[in-house]
Amino acid sequence: MSASYEVRDGVAVITLNNPPVNGLGYETRRAVAEGIERAQADAAVKAVVLCGAGRAFSGGADIREFGSPKATAEPNLISLINLVEASDKPVVAALHGTAMGGGLELALGCHYRVAAADTNVALPEVKIGLVPGAGGTQRLPRAIGVEAALNMIVSGEPVKSELLAQIPGQVLFQKIVEGDLVAGAIAYANEIAAARPLPRVRDRKSSHPQGDAYFQFARNTVKAMAKQFPAPARCVDCVEQSTKLPFDVGMVYEREAFVALMLTPECKALRHAFFAERAASKIPDVPDDTPVRQVKKLAVIGAGTMGGGIAMNFLNAGIPVVMLEMKQEALDKGVATIRKNYEAQVKKGKLKADKYEQRMSLLSTTLNYADLKDADMVIEAVFEDLGVKEKVFTTLDEVMKPGAILASNTSTLDMNRIAAFTKRPQDVVGTHFFSPANVMKLLEVVRAEKTAKDVLATVMQLGKKIRKTCVVSGVCDGFIGNRMIEQYSRQAGFLLEEGATPAQVDRAIEKFGFAMGPFRMGDLAGNDIGWAIRKRRYVEKPHMRYSKTADLLCELGRYGQKTGAGWYDYQAGKRDAIPSKLVEDMIAKHRAELGITPRKIGDEEIVHRLVYALVNEGAKIVEEGIASKASDIDMVYLTGYGFPLHRGGPMCYADTQGLFNVVQAMKRFQRNPHDDAAFWEPAPLLAKLAAEGKTFS
Ligand code: NAI
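Cut-offs used in this document
Residues numbered from 1 in each chain as written. Predicted model: local features only at pLDDT ≥ 70, side-chain atom pairs only at ≥ 80, totals over all residues. Heavy atoms only, no water. Axes fitted to C-alpha atoms, helices over the stretch in contact; angles between N-to-C directions. Helix = DSSP H or I, 4+ residues; strand = E, 2+ residues; numbered from the N terminus. Parallel < 35°, antiparallel > 145°, perpendicular 65-115°, else oblique. Left-handed = near helix turned anticlockwise from the far one by under 90°. Contact = heavy atoms within 4.5 Å. Nonpolar A, V, L, I, M, F, W, Y, C, P; charged D, E, K, R; others polar. Expected span 1.5 Å × (residues − 1). Buried < 20%, exposed > 50% of the residue type's maximum accessible area, 1.4 Å probe, protein only. Near = heavy atom within 4 Å. Polar contact = N/O pair within 3.5 Å; in protein donor to acceptor, adjacent residues only side chain to side chain. Pairing = 2+ DSSP bridges. Core = buried A, V, L, I, M, F, W, Y, C linked by side-chain atoms within 4.5 Å.

A.B. asks: Hey, could you run me through the packing of helix H5 (residues 146-155) against helix H9 (residues 231-244) in this one?
C.D. replies: To characterise two packed helices, one gives the angle between the axes of the helices and the distance between these axes. With their axes 9 Å apart at the nearest point, H5 and H9 run at an angle of 155 degrees to one another. By the angle between their directions, the pair H5 and H9 is classed as roughly antiparallel. At the point where H5 passes H9, the crossing takes the right-handed sense. On the side of H5, the interface is formed by Val146, Leu150, Ile153 and Val154, while H9 contributes Pro232, Cys235, Val236, Val239 and Thr243. Its residues assigned to classes, the contact of H5 with H9 shows eight nonpolar, one polar and no charged.

What follows is the structure in structure tokens.
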């Protein structure tokens, strides 16, 4: 039974009981409907209280049902709300913890609502590209006024119950209950049991004194903020219609908007990302109930760019950090950078001064490995050099307590070899943060051959605690993200050789939705970094052809913004990328040396070569088991590489394009004599799915 029924003090209490958040799945909806009917039939019952078991009233639709026939099976949510609203006996919703989406819409169909303080109330549908679909856009404005409702619906953000209860004239909450919520709700139900007619939110008026001007203003604001996403503007439309149409017609309007949005690629991409994020935290052979190790204190080796950022994540989460360096000056510099970052946040009003001090008080420093002996986990972020890492890991093996987790932030080195520097490879794992480590959401958790399951489970849980999106990667050069980006960069180089300019490539991929094209990105990050990697990588892989344009650029000392010139020219103190005649000449000269006659390359070819390069490499990564599913790759690209969210990630984009078409494009690229035909051989997994008419998801 996913909702229970009992009669207390003349009041029927229906308790939603579908852990973890009382999602309104089919069984739950049925049980509530049965409870309502039972209450009508029982002469001893004067009123009904609808509440939630556990930590929430209801989080809304049961996401486990999405896409299955159960999601819409009768009684569907709208039918259930109608049933509740039509009850002859008053129904009081009692909200606590969370009342979101369908949960809030159900409550709005009740005659009265009471809430515990601190309840998170929201209509978050916009976050998955939708408008609320069970009357939210029609009832919420009638309950709390147009402006407050529109803000909630367009942002999807939760608002605390006690704040909502303060809105003048609102009927969302008749009472904020202190103490026992259900007892308070029963007492309230007895107070209002005899009152007739029963108040219904649908019977109220939704209006705004300057309606047309207000909605025009809202529409302009939303348009500027929502960019490619259609849902926020539709939210405005729906709320506007609540002021113009009779309730039932407004409901039809909302439904049509909901159904139309459901079919848009943007909505599909957002729903994909929503589920991909949840799926990423699941590792096929590591069950949810795998015991985890306690991590109460962390050590970080290396106080450089990454070490400092990594430390901040843990300080923010209240976990003490000890940072170790070789020299006092390096420690001082590292700590000063952390202070500077926090001070910038304090200045912007994003961090309170006392919180800043509290976080800094959790940080200690040392030059002595003996001071790490009580740490439960250590993350190494020293120079990217296997010899240096070997020294660090053999020392850690000697000093760290048994059971401590030994992690490396390496971005390119072989985690199996690093693990083998110790006598406890089962405790060794990769934690690949992205720069700036205190800002970027992505954390690649690198599973070496011998990494223990409980170590993985612990790191995944810890990652969540420091608010990262964790994706597990097997061991390979570059792991998931950087291994794929290499192919993207190679294509960007070939495009220059064949006739495109850096600005043209950047513009095309930025129009597709990337925040920054590969060349502007290179100038920002420093072109010398890739140069150093290529020097090593292409010695190891002489068969892998790449464009030398980027090396030629570095030979000119054009490392990017930090040297005042890169793919683009820069004016002192400014970040605007100005196309460079010198670079274009350099490319033209190189092109001539290669004997290539330049051709005009269209935006579509640019986008497809860059993105499909990610897709083909991604398919190989899934096939090799480096990633356990294609959606993990999408998560890596959405959270670590600025892939446009409305496209859902490279693999999701390929699915939307149709894998058959993707394969055909790759075959076309194979016929281009200046490209890498061997690379464009469709990965076997991709070829197979395309042939079977299937998708990655
Ligand atoms: P960095 O050069 O800024 O910092 C390295 C720090 O380690 C320096 O402060 C150095 O004094 C210290 N160090 C070197 N040897 C040491 C030793 N034996 N014991 C104690 N401290 C030592 O380097 P960065 O950029 O922070 O990189 C660190 C690691 O993170 C590397 O493995 C790198 O590949 C990886 N990484 C870097 C990213 C980036 O964008 N910079 C992104 C992801 C990973």
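A.B. asks: Please clarify how helix H1 (residues 26-41) should be interpreted in this entry.
C.D. replies: Structurally, the α-helix is built with 3.6 residues per turn, so residues lying three or four positions apart point the same way. In this model, H1 (16 residues) spans 23 Å end to end at C-alpha, consistent with the 22 Å of a helix rising 1.5 Å per residue. Along H1, the positions that sit buried rather than exposed are Tyr26, Thr28, Arg29, Ala31, Val32, Ala33, Gly35, Ile36 and Ala39. Where the residues of H1 are buried, they touch strand E1 (3-8), strand E2 (11-16), strand E3 (47-52), helix H2 (77-85) and strand E4 (91-95).

A.B. asks: Would you explain the site of the ligand in this entry?
C.D. replies: Around the ligand sit 20 residues, and of these Met306, Glu325, Glu384, Lys389 and Ser411 come closest. Note that an oxygen atom of the ligand is positioned 2.9 Å from one of the side-chain N or O atoms of Asn409. Within the residue set of the shell around the ligand, elements represented by two or more residues are helix H12 (305-316), helix H15 (386-399) and strand E15 (428-433). Here the shell around the ligand takes three residues from H15, the largest share from any one element. Residue composition of the shell around the ligand, by class: nine nonpolar, eight polar and three charged.

A.B. asks: Teacher, can you tell me more about the sheet that holds strand E6 (residues 112-116) here?
C.D. replies: If you trace the six strands from one edge of the open sheet to the other, you get E1-E2-E3-E4-E6-E9, paired in mixed fashion. Edge strands, defined here as strands with exactly one partner in the open sheet, are E1 and strand E9 (175-177). Between one strand axis and the next, the sheet turns through 25 degrees on average, direction left out of account. Where E3 lies against E4, four bridges are found, and the strand directions are parallel.

A.B. asks: Mind showing me how you'd approach unusual backbone geometry here?
C.D. replies: The phi angle of most residues is negative, glycine excepted, and most peptide bonds adopt the trans form. Here the amide bond leading from Pro19 into Pro20 is cis, since omega sits at 5 degrees, within 30 degrees of zero. A cis amide bond, omega -5 degrees, links Arg196 with the succeeding residue Pro197. By the secondary structure assignment, Pro197 is in the loop between helix H7 (181-192) and helix H8 (211-226). Unusually for a residue other than glycine, Asp9 sits at a positive phi of about 60 degrees. Among the structural elements, Asp9 can be located in the loop between E1 and E2.

A.B. asks: What is the right way to read the packing of H9 against helix H10 (residues 247-262) from this model?
C.D. replies: H10 packs onto H9 with a crossing angle of 170 degrees between their chain directions and a minimal axis gap of 10 Å. When the interaxial angle is binned, H9 and H10 end up roughly antiparallel. Listed contacts from H10 to Ala231, Arg234, Asp237, Cys238 and Gln241 of H9 are Tyr253, Glu254, Ala257 and Leu261. Of the residues in the contact of H9 with H10, the class split is five nonpolar, one polar and three charged.

A.B. asks: Looking at this model, I keep getting lost on helix H24 (residues 603-623). Mind explaining?
C.D. replies: Taking 1.5 Å as the rise per residue, H24 with 21 residues should run 30 Å; its terminal C-alpha atoms sit 30 Å apart, in good agreement. Among the 21 residues in H24, 16 count as buried, and that is most of the element. Positive phi appears at Gly625, one or two residues downstream of H24, with a value of about 80 degrees.

A.B. asks: Just checking my understanding: could you explain the nonpolar core for this structure?
C.D. replies: Soluble globular proteins: nonpolar side chains tend toward being buried together. Core analysis: the largest hydrophobic core is formed by 68 residues, its most contacted members being Ile480, Trp567, Tyr612, Val615, Phe643, Leu686 and Phe696. In terms of residue count, the dominant contributor to this core is H24 (11 residues). Here Phe696 is in contact with Val615, Ala619, Ala630, Met651, Ala654, Asp655, Leu659, Leu685, Leu686 and Leu689, once residues within four sequence places are set aside. Counting residues in each nonpolar core, the second largest holds 63 residues, with Leu80, Ile81, Ala143 and Ile153 among its members.

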